[in-house]
Amino acid sequence: MLDGRLSDSFTRWLFRPYLDLEPAVPQGPYHLAGIELCFRSLVEDRDYPHIQACFNPSFRKALIRDTGLADYDVATPLALPEALQSERWRVLCESIRSFDALPVRAQVRLAWTLSKLCFQSVAAELIPAACVERISASNEHAGLAFVRAYSRYRMSVDDARSPYAIEELERIAREAPPGIHRIDASYQVVVQNVKHAANLPAVEHWQQRHREAIEASRAELDEFTYGFVMSRYHRVGGFIPQLQRRTQELVEEMERAEQYALALPQPDDVHRTAAGEVLFPVLESRTKEALWLGDNELALARVQRAVELSPNDSRAWLQLGQVQIERDEPEAALAAYRRAARLAPPGREIAWFMAGQCLEVLDDLESACDAYLTALQADPLGISAAEQLEAVATQLDHVTILRWVRPQLEQLRKLQASVVHPHAWPYKDLPPPLASVPPVPSE
């Protein structure tokens, strides 16, 4: 029998695919569709459009925290108590047990399913390190090496001490035969050089190889996949003129990314979902583009499109709140952050912290105090929430809260000085466009 507790709260119900692999609810966030399509690909031995959205292992920890279902806090699907396993979960476990006997294409599909469920450590452990010696043997062998490297990367984003090196993906990009895995590896090398180093020469070099991989693989790609990789190519390509602070070239690249996403063929519900998932990050990026260019009206129009496209994804509402903060609309931003908190994870602690910021601006310090307490409940290591709580509690003369938060804050500051932090994201703090560049034409 299915666990009745999975319908006892909205968060449990919305995110239950992570807990028992049951199909996602209609209009759920796209990352839920990624789980469903990967699992169906495994059990049906059939290719489906690949959903990009995939979270790190910390997302699963946040989901367990937010749902309060400690029974589901397991390091591997095999460790979930048998009484809690759905029929689909049992199929997944049987595939894990028989991994070595599976055809390579099934191994790749299983590893992707595990990665989408945020069991990246299980995927990386199942795939032998020696898989790199067979990258050139076939697309399927290249796929096995890619999922292993990608899973290790995802783990390293949470914890920089995790063993991973970008050279793992560079080797796949060089040695994989023409096909999606050569393209994916090239794309990831570009992304990681942007996000973790803002290394313009490396980004330019690998973006060229990214384009060469697409061109060499054209005969291997169906029309949908080709449109997807071209949209993604131009979206990541927008970082090059942004790093160079060249406005017009950035706009042109992002327009191409959006055009490819909008032109994707949508012959059925699966492809309509996949096409929406391609467009969603384009709209996220175009919103950031507009903010970077100082056009807050355009940013609002774009983020509203993202919200309409995926209304139950907390990330869209977090971005809407950011835009409304930039527009000096604290009441509207507060509503967006409350919606984000309702739909989280990811970002419940961020949503409540930002709600507290809005409430301070609105001079509702009591509610701000509650928001910071809730943010700390979601993330006890949130030093910014602890600092703001201390400041607000001091203004309100809440002595009891101060007696609690000050020792907590002292401990957090000591911890902050000693902890190994996750990878930095320097691209989020890029300098503004050059003042001499002409303004962006209105759309």
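Just above, that's the structure.
What this report covers is the structure whose coordinates are included nearby. All values derive from a computational prediction rather than experimental measurement.

1. Things to note about the overall build of the chain
Scanning the chain from terminus to terminus reveals 22 helices and zero strands. Projected onto its principal axes, the C-alpha positions of the chain cover 70 × 65 × 45 Å. Every one of the 443 residues in the chain was classed for burial, and the buried ones make up 54%. When the accessible surface of the chain is totalled, it reaches about 19700 Å², and 50% of it is carbon and sulfur. Across the chain, the mean location of the 47 positive side-chain charges is 3 Å away from that of the 62 negative side-chain charges.

2. Quick look at the environment of histidine 205
Mapped onto the elements of the fold, histidine 205 is located in helix 11 (residues 200-216). Spatially, the C-alpha atom of histidine 205 lies 8.5 Å from that of valine 190, the residues being 15 residues apart in sequence.

3. Points about the packing of aromatic side chains
Going through the model one piece at a time under the given rule, you end up with eleven aromatic pairs. Geometrically, the ring pair formed by phenylalanine 55 and phenylalanine 59 is stacked, given 4.5 Å between the ring centres and 15° between the ring planes. The exposure class of phenylalanine 55 is buried, given its relative accessible area of 12%. Phenylalanine 59 gets classed as buried once you look at its relative accessible area, which sits at 5%. Aromatic ring contacts, followed pair by pair, group Phe15, Tyr18, Phe55 and Phe59 into a single cluster. Above the ring of tyrosine 226, the side-chain terminus of arginine 218 is found at 3.9 Å from the ring centroid. Residue placement shows arginine 232 over the ring face of tyrosine 187; its charged tip is 4.1 Å from the ring centre.

4. So, unusual backbone geometry
The omega torsion of the bond from alanine 344 to proline 345 falls at 10°, within 30 degrees of zero and hence cis. A cis amide bond, omega 0°, links proline 345 with the succeeding residue proline 346. With respect to the secondary-structure elements, proline 346 resides in the loop between helix 18 (330-343) and helix 19 (348-361). One non-glycine residue, glutamine 27, lies in positive phi territory at about 60°. Mapped onto the elements of the fold, glutamine 27 is located in the loop between helix 2 (17-20) and helix 3 (30-44). Even without being glycine, cysteine 118 reaches a positive phi, approximately 70°. In this fold, cysteine 118 is placed in the loop between helix 6 (104-116) and helix 7 (120-126). Residue class for cysteine 118 comes out buried when judged on its relative accessible area of 5%.

5. Some details on the pattern of salt bridges
Summed over the entire model, instances satisfying the criterion amount to 34 salt bridges. The closest approach of N and O atoms between arginine 65 and glutamate 349, which form a salt bridge, is 3.4 Å. Of this pair, arginine 65 sits in helix 4 (residues 57-67) while glutamate 349 sits in helix 19, and the two are 284 residues apart along the sequence. You can call glutamate 349 partly exposed: its relative accessible area is 23%.

6. Considerations on the nonpolar core
Among the nonpolar cores identified, the biggest contains 136 residues, and Tyr18, Tyr72, Leu110, Leu114, Leu169 and Ile172 are the most heavily contacted of them. If we skip the residues at most four places from it in the chain, tyrosine 18 touches His31, Leu32, Ile35, Phe55, Phe59, Arg60, Leu63, Trp89, Lys116, Leu117 and Cys118.

7. Side note on the side chain of arginine 12
Along the chain, arginine 12 turns up in helix 1 (residues 10-14). For the buried residue arginine 12, which engages in no salt bridge, the nearest side chain bearing the opposite charge is aspartate 8, 4.1 Å off. A distance of 2.8 Å separates a polar atom in the side chain of arginine 12 from the backbone oxygen of threonine 67. With residues up to four places along the chain from it excluded, the contact list for arginine 12 reads Arg5, Leu6, Thr67, Gly68 and Leu69.

8. A short note on the packing of helix 6 against helix 8 (residues 139-158)
Contact geometry for helix 6 and helix 8: axes closest at 8 Å, N-to-C directions at 20°. By the angle class used here, helix 6 and helix 8 are roughly parallel. Relative to helix 8, the crossing made by helix 6 is left-handed. Residues Val104, Arg105, Gln107, Val108, Ala111, Trp112 and Ser115 of helix 6 form the contact with helix 8, whose participating residues are Glu140, His141, Gly143, Leu144, Phe146, Val147, Tyr150 and Ser151.

9. Things to note about the packing of helix 14 (residues 247-262) against helix 15 (residues 269-292)
Packed helices, taken two at a time, are described by the angle their axes make and the gap between the axes. At a closest axis distance of 9 Å, the pairing of helix 14 and helix 15 adopts a crossing angle of 160°. Classified by the angle between their axes, helix 14 and helix 15 sit roughly antiparallel to one another. Note on packing geometry: the crossing formed by helix 14 with helix 15 is left-handed. Residues Leu250, Val251, Met254, Glu255, Ala257, Glu258, Ala261 and Leu262 of helix 14 lie in contact with helix 15, whose contacting residues are Val278, Leu279, Val282, Leu283, Ser285, Arg286, Glu289 and Trp292. The residue makeup of the contact of helix 14 with helix 15, split by class, is eleven nonpolar, one polar and four charged.

10. So, the environment of asparagine 296
Looking at where asparagine 296 falls in the secondary structure, it is placed in helix 16 (residues 296-309). Judged by relative accessible area, which is 22%, asparagine 296 ranks as partly exposed. For the pair asparagine 296 and glutamate 223, spaced 73 residues apart in sequence, the C-alpha to C-alpha distance is 35 Å. For asparagine 296, the side chain forms a polar contact with the main-chain oxygen of glutamate 326, separated by 3.3 Å.

Cut-offs used in this document
Residues numbered from 1 in each chain as written. Predicted model: local features only at pLDDT ≥ 70, side-chain atom pairs only at ≥ 80, totals over all residues. Heavy atoms only, no water. Helix = DSSP H or I, 4+ residues; strand = E, 2+ residues; numbered from the N terminus. Buried < 20%, exposed > 50% of the residue type's maximum accessible area, 1.4 Å probe, protein only. Areas by Shrake-Rupley, 256 points an atom, 1.4 Å probe, with all protein chains shown as cover. Lys, Arg positive; Asp, Glu negative; His and termini not counted. Charge placed at Lys NZ, Arg CZ, Asp CG, Glu CD. Phe/Tyr/Trp six-rings, centres within 6.5 Å; stacked < 30°, edge-to-face > 60°. Lys NZ or Arg CZ within 6 Å of the ring centre and 35° of its normal. Salt bridge = Lys/Arg side-chain N within 4 Å of Asp/Glu carboxyl O. Core = buried A, V, L, I, M, F, W, Y, C linked by side-chain atoms within 4.5 Å. Contact = heavy atoms within 4.5 Å. Polar contact = N/O pair within 3.5 Å; in protein donor to acceptor, adjacent residues only side chain to side chain. Axes fitted to C-alpha atoms, helices over the stretch in contact; angles between N-to-C directions. Parallel < 35°, antiparallel > 145°, perpendicular 65-115°, else oblique. Left-handed = near helix turned anticlockwise from the far one by under 90°. Nonpolar A, V, L, I, M, F, W, Y, C, P; charged D, E, K, R; others polar.

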